[in-house]
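Observations on the three-dimensional arrangement
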Amino acid sequence: MTSAPPPADSSAAANLVIAMDGPSGAGKSSVSRAVATQLRLRYLDTGAMYRAVTWWMLEHGIDIHDPAAVAAVADRPRLAVGTDPAGPTIHVDGHDVATPIRSRAVSAAVSPVAAVPTVRTILVAMQQEIIGTGGIVVEGRDIGTVVAPHAPVKVFLTANPTIRAQRRTEELRHDPDATVALTEAELARRDAIDSSREASPLARAADATELDTTLLRLDEVVQAVLALVKDRVGVG
Ligand code: DC
């Protein structure tokens, strides 16, 4: 596992953990990376880790709809995660998988894999090791509830489903098959699995601040999060 922390500008920032949860397409990645850059913190995309394990399962012909088969090999993929917000990296068994983990095949398979408790136990332990003593923005679905329940700043980003689908489709513009309607249906299917699974479902932590980004530009959301950080821990 690799993670090179940039120098933080105060001891409060050096230990700060910002948990950024929410459904797909709410803007978590863009907001988290911008906030981490501004505050000179590291950045961890936990969704990329679930995607990387899913990529490995598909490469190895594992039936991703068989939770026992997935659990039996869940400790085999060797993940290496880089946490520079300017260029986060992810490798599995030495392969750079940053591009293939965004494929439609991985997107369609990731929710069932992420629902397997053994997969979650392994990845949550890795995430907690990367977080270490802090100085990091962590995005996912269960960061405020399970991975970093003591994070001093917790944000739950939401947006209406059509806006989320529009943003995701914009990211997929190289894919001629990606229409807003299709993307919206795929996001709804993934959110339903992610929210209803037994093992640490997508949920807002009781002490998280919910931010609806439907009508906000990226810079407005970033400013709102920075204001929250300043208010909570006096950093920024
Ligand atoms: O954020 P994303 O779309 O890259 O996440 C991919 C999948 O991984 C998504 O279906 C939910 C799952 N996930 C999770 O279960 N827990 C996390 N902490 C992060 C992602």
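Attention in this report is confined to the structure presented alongside it. Just so it is clear, the structure is predicted and the values come from calculations on it, not from any experiment.

This brings us to the overall build of the protein. Within the protein, the regular secondary structure consists of 10 helices and 8 strands. Since a compact globule built from 236 residues should have a radius of gyration of about 18 Å, the 17 Å found for the protein is in line with a globular shape. In terms of principal-axis extent, the alpha carbons of the protein reach across some 50 × 35 × 30 Å. In the protein, 76% of the contacts between residues at least 6 apart in sequence involve partners at least 24 apart. Carbon and sulfur atoms form 55% of the exposed surface of the protein, whose accessible area is close to 10,600 Å². The centroid of the 23 positive side-chain charges in the protein is displaced by 3 Å from the centroid of its 28 negative side-chain charges.

A separate point is helix α8 (residues 161-171). Where α8 is concerned, the buried positions are Arg 164, Ala 165, Arg 168 and Thr 169. Viewed end-on, α8 has its buried residues packed into an arc of 130°, placing them on one side of the element. The inward-facing, buried residues of α8 contact α3 (46-59) and α9 (180-196).

Pairing within the open sheet is parallel, and its 5 strands lie in the order β2-β6-β1-β7-β8. If you trace the sheet from one side to the other, it starts and ends with β2 (42-45) and β8 (209-212), each paired once. On average, each strand axis in the sheet is inclined to that of its neighbour by 20°, with strand direction left out of account. For β2 and strand β6 (residues 136-140), the ladder comprises 4 bridges, and the chain directions are parallel. Bridge pairing in β6 links Leu 44 to Val 138. Of the strands in this sheet, β2 and β6 touch α3, which is tilted by about 40° from β2. Contacts between helix α10 (residues 218-233) and the sheet are confined to β1 (17-21), β7 (153-158) and β8, with β7 contributing the most and set at about 155° to the helix.

Let's shift gears to unusual backbone geometry. In this model, Arg 40 sits at a positive phi of 55°, which is unusual for a non-glycine residue. A positive phi angle, close to 35°, is found at Ser 200, a residue other than glycine. Relative to the helices and strands, Ser 200 resides in the loop between α9 and β8.

In this section: the environment of Val 73. Positionally, Val 73 belongs in the loop between α4 (67-72) and β3 (79-82). With relative accessibility at 11%, the residue Val 73 sits in the buried group. Residues Val 73 and Pro 161, 88 residues apart in the sequence, show an inter-C-alpha distance of 34 Å. Among all residues touching Val 73, those that are not within four sequence positions of it are Trp 56, Met 57 and Ile 62.

Here we come to the packing of α8 against α9. Closest axis-to-axis distance for the α8/α9 pair is 8 Å, and the angle between their directions is 115°. Put simply, α8 runs roughly perpendicular to α9. In this structure, the crossing between α8 and α9 has a hand that is right-handed. Residue-level inspection shows Pro 161, Thr 162, Arg 164, Ala 165, Gln 166, Arg 168 and Thr 169 of α8 in contact with α9, the latter providing Val 180, Thr 183, Glu 184, Leu 187, Arg 190 and Asp 191. Partitioned by chemical class, the residues of the contact of α8 with α9 number 4 nonpolar, 4 polar and 5 charged.

Criteria and cut-off values
Residues numbered from 1 in each chain as written. Predicted model: local features only at pLDDT ≥ 70, side-chain atom pairs only at ≥ 80, totals over all residues. Heavy atoms only, no water. Helix = DSSP H or I, 4+ residues; strand = E, 2+ residues; numbered from the N terminus. Rg over C-alpha atoms; globule rule 2.2 N^0.38 Å. Contact = heavy atoms within 4.5 Å. Areas by Shrake-Rupley, 256 points an atom, 1.4 Å probe, with all protein chains shown as cover. Lys, Arg positive; Asp, Glu negative; His and termini not counted. Charge placed at Lys NZ, Arg CZ, Asp CG, Glu CD. Buried < 20%, exposed > 50% of the residue type's maximum accessible area, 1.4 Å probe, protein only. Arc of directions from axis to C-beta. Pairing = 2+ DSSP bridges. Axes fitted to C-alpha atoms, helices over the stretch in contact; angles between N-to-C directions. Parallel < 35°, antiparallel > 145°, perpendicular 65-115°, else oblique. Left-handed = near helix turned anticlockwise from the far one by under 90°. Nonpolar A, V, L, I, M, F, W, Y, C, P; charged D, E, K, R; others polar.

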